[in-house]
Amino acid sequence: MTKHSLALHIGACEKIINDKTKTKFEEHLQTEYSILEETGHRENVEYIEEAINRQFLPISTLQQMCLVSLTQDGVNSKDYNALKTQFIQSYGFHHLLTFANLKKVGLFMEESSGTTGTALPLPKASDRLGKLSGRMAAQLPSMRKKSSYSNIRKKLNLAPKSAEDVDLKSPSDMSYVFGGAHTPIVARVTEQIMQKGDLSQLDEVIKHLPGEGYSRTIQAARGAGKAAKEEKKAVMIYYIGGVTHSELAALRLLAKLRGYQLIVATTAICNGGSMLSTLVEGGAPLGHAAKS
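Residues numbered from 1 in each chain as written. Predicted model: local features only at pLDDT ≥ 70, side-chain atom pairs only at ≥ 80, totals over all residues. Heavy atoms only, no water.

Caption draft 1: A look at the pattern of salt bridges. One pass over the structure, following the stated rule, counts 5 salt bridges. Linking Glu191 and Arg188 is a salt bridge whose minimum nitrogen-to-oxygen distance equals 2.9 Å. Of this pair, Glu191 and Arg188 both sit in helix H9 (residues 185-196), separated by 3 residues, roughly a single helical turn. A relative accessible area of 10% means that Arg188 is categorised as buried. (Salt bridge = Lys/Arg side-chain N within 4 Å of Asp/Glu carboxyl O. Helix = DSSP H or I, 4+ residues; strand = E, 2+ residues; numbered from the N terminus. Buried < 20%, exposed > 50% of the residue type's maximum accessible area, 1.4 Å probe, protein only.)

Have a look at this one:
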């Protein structure tokens, strides 16, 4: 039994080290954090382009591309076309169908014209400060409305003020599952329901989430209140489509901190890679770059 456990741990370590060496792991992680924090957009896109051109793991690169799209309500036309073209040229033209699938489910979309404002006019090159002003203007994104993610992130406090304040060894904040950078949305919504009893306080959040929200509160029968107080409160969450291990870990911590019994039912346990794999068309295995 000891030999078997040791073999499993060694195998897991080899797999982790092998995957880390195929990508710039630390830079990859920092880019994801920057995307979630909605900072350094140009640097994030440049890193993704580098990952594509160096043929890093295609599934990891696709995840970051989808993350950019989801946090910005779509990718601006210039970056969308550039990333899509470079990915197809690097990993194979069969991925034209992959991008059609991603667009259909709303994971990688081109920004609609309604989400942007009027771009800042660039000064003429003949102006004394034309060159300097031009470089500064080029660094500024087009004036845009706040994305749905921005509103949800602010209203649900999905990101702690400082990731360094999150204790990863003895956590008291659900964002620990992502190193203090992000709290799963469902976990935060569940927390609000535990505090308020229903979704009535989350109308401003629900309208930014895909699909329709529904809330119904059932009053306890008379005489049942005392017995209910003596029992441990229970919450059941049903995921349609799948739940990740990170979400489960966040919910377990929430149940522990709030003193609730949490029951999670789901159609599948998945991760970003396994979810995207259902949308990727043929070609090279997801864990390996395409070979010419």
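Caption draft 2: Up close: the pairing of strand S2 (residues 261-266). In this sheet, S2 lies alongside strand S1 (residues 234-239) in parallel orientation, the contact comprising 6 bridges. Bridging across to S2, Tyr238 finds its partner in Ala265. The parallel pair S1 and S2 is bridged by helix H12 (residues 245-258), and the resulting crossover is right-handed. (Pairing = 2+ DSSP bridges. Right-handed = clockwise from strand over helix to strand, strands pointing away.)

Caption draft 3: Here's a closer look at the confidence of the model for the chain. Residues at a pLDDT of 70 or more form 76% of the chain, whose mean pLDDT is 80. Across residues 114-126 the pLDDT falls below 50, and counting only partners more than four positions away or on other chains, this stretch makes 18 contacts in the model. (pLDDT = per-residue confidence, 0-100. Contact = heavy atoms within 4.5 Å.)

Caption draft 4: Geometry of helix H5 (residues 77-91). An ideal rise of 1.5 Å per residue puts 21 Å on 15 residues; H5 measures up with 21 Å between its terminal C-alpha atoms. When H5 is considered as a whole, its buried residues turn out to be Asp79, Tyr80, Leu83, Gln86, Phe87, Ile88, Ser90 and Tyr91. (Expected span 1.5 Å × (residues − 1).)

Caption draft 5: Representation of the packing of aromatic side chains. Per the counting criterion, the structure on display carries 4 aromatic pairs. Ring geometry for Phe87 and Phe99: centres 5.5 Å apart, planes at 85 degrees, overall edge-to-face. You can see Phe87 sitting in helix H5 and its partner Phe99 sitting in helix H6 (residues 95-105), a full 12 residues away along the chain. Like Phe99, Phe87 is buried. Taking the centre distance of 5.7 Å and the plane angle of 55 degrees together, the rings of Phe99 and Phe108 count as tilted. The class of Phe108 is buried, set by a relative accessible area of 0%. (Phe/Tyr/Trp six-rings, centres within 6.5 Å; stacked < 30°, edge-to-face > 60°.)

Caption draft 6: Representation of the packing of helix H2 (residues 25-37) against helix H4 (residues 58-72) within the structure. Taken N-terminus to C-terminus, the directions of H2 and H4 make an angle of 15 degrees; their axes are 9 Å apart at the nearest point. Classified by the angle their axes make, H2 and H4 are roughly parallel. In the packing of H2 onto H4, the handedness of the crossing is left-handed. Touching His28, Thr31, Glu32, Ile35 and Leu36 of H2 are Ser60, Gln64, Leu67, Val68 and Thr71, all from H4. (Axes fitted to C-alpha atoms, helices over the stretch in contact; angles between N-to-C directions. Parallel < 35°, antiparallel > 145°, perpendicular 65-115°, else oblique. Left-handed = near helix turned anticlockwise from the far one by under 90°.)

Caption draft 7: Structural context of a nonpolar patch on the surface. On the surface, Met236, Tyr238, Ile240 and Ile263 cluster together to form a nonpolar patch covering roughly 490 Å² of accessible area. Here Met236 is to be found in strand S1. (Patch = residues over 30% accessible without salt bridge, like charges linked within 9 Å, V, L, I, M, F, W, Y side chains within 5 Å. Areas by Shrake-Rupley, 256 points an atom, 1.4 Å probe, with all protein chains shown as cover.)

Caption draft 8: View of helix H8 (residues 148-155). What H8 keeps buried is the set Tyr149, Ser150, Asn151 and Ile152. Residues of H8 that are buried sit in contact with H2, H4, H9 and helix H10 (203-206). The positive-phi residue at the C-terminal boundary of H8 is Asn157, with phi of around 55 degrees.

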